[in-house]
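Listed below are the residues making up each chain.
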Amino acid sequence: MSEQQPYVKLEIQNEVGYIEFFHPAHNSLPGDVLAELANTISEAGQNDAIKVIVLKSGGDRTFCAGASFNELININDEATGKVFFSGFANVINAMRKCPKFIIGRIQGKTVGGGVGLAASTDYCMATKFAAIKLSELNIGIGPFVVGPAIERKMGLSAMSQIAIDANTFYSPEFAKQKGLYTHVFDSTEALDEAVKTTAEHLCTYNTEAMLEMKKVFWQGTDDWDDLLAERAATSGRLVLSEFTKEKLKTYK
């Protein structure tokens, strides 16, 4: 597989399913990669050879830069906009409905939709380089689709703070303090070792107990299929505004 081609891949080691996504543009996610990611998570959830899932990304600098700006720039109608933003909604819902624990491995900075992915894991570990930012307000939209996932994990107060302060990267320590990360490690090597140990240890637990616990963790989110679709429609509408169109031109 070429280092510069986008991909989603699943590898199984010791009953742990490692799902890795990659895109050469700082792991920003276009619609086709998001669709493949959602499907891979759903399939891993149904695969009896897998007891625990790890979500990770390729490369070492950035976990995920959020939505693909190249695709955002080309959205010209509300329907297309809703479909695009539904990409992240579908991944979050796949993670929510997955009957297995999902461990997040956040090796570097994560922005926008990437923070939503981290927040949708059940147990999330990071390095000291894994600062977070919700930059959506900068381009005239907002973190509507990922908001519920981030609010569920970090609380409304912290989510509001980082959503309003859209220019600022918040430290991994802040993210840990607010409940997004469970641990922050000094290196990717230490992170990988901890992820592997934790995932393989979880594989020794009763899968039925983990499934029931997962239901408890996600209680009160049964309406998210509809809620995130509505939020995607809001983003899809706002991305067509003159403000956003002008802003996006500056990123070309």
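What you are looking at is a predicted structure, and each value in this text was computed from that prediction instead of being measured. (Residues numbered from 1 in each chain as written. Predicted model: local features only at pLDDT ≥ 70, side-chain atom pairs only at ≥ 80, totals over all residues. Heavy atoms only, no water.)

Visitor: Residues and numbers for the packing of aromatic side chains, please.
Guide: Scanning all chains against the criterion turns up 6 aromatic pairs. With centroids separated by 5.1 Å and ring planes inclined at 85°, the aromatic side chains of F84 and F85 adopt a geometry described as edge-to-face. F84 gets classed as buried once you look at its relative accessible area, which sits at 5%. F85 gets classed as buried once you look at its relative accessible area, which sits at 8%. Between F101 and F217, the ring centres sit 5.8 Å apart and the planes meet at 20°, which makes this aromatic pair stacked. Within this pair, whereas F101 is found in the loop between α3 (78-97) and β5 (102-106), its partner F217 is found in helix α9 (residues 207-217), the two being separated by 116 residues in sequence. Residue F101 is classed as buried on the basis of its relative accessible area, which comes to 9%. (Phe/Tyr/Trp six-rings, centres within 6.5 Å; stacked < 30°, edge-to-face > 60°. Buried < 20%, exposed > 50% of the residue type's maximum accessible area, 1.4 Å probe, protein only. Helix = DSSP H or I, 4+ residues; strand = E, 2+ residues; numbered from the N terminus.)

Visitor: How would you sum up helix α10 (residues 224-238)? Please name residues and give values.
Guide: Between its terminal C-alpha atoms α10 stretches 21 Å, which fits the 21 Å expected from 15 residues at 1.5 Å a residue. Those residues of α10 that sit buried are W224, L228, A232, S235 and G236. Angularly, the buried residues of α10 cover 110° about the axis, an arc narrow enough to put them on a single face. When the buried face of α10 is taken as reference, the exposed residues oriented beyond 90 degrees from it are D226 and E230. Next to the buried residues of α10 lie α3 and α5 (147-154). (Expected span 1.5 Å × (residues − 1). Arc of directions from axis to C-beta. Contact = heavy atoms within 4.5 Å.)

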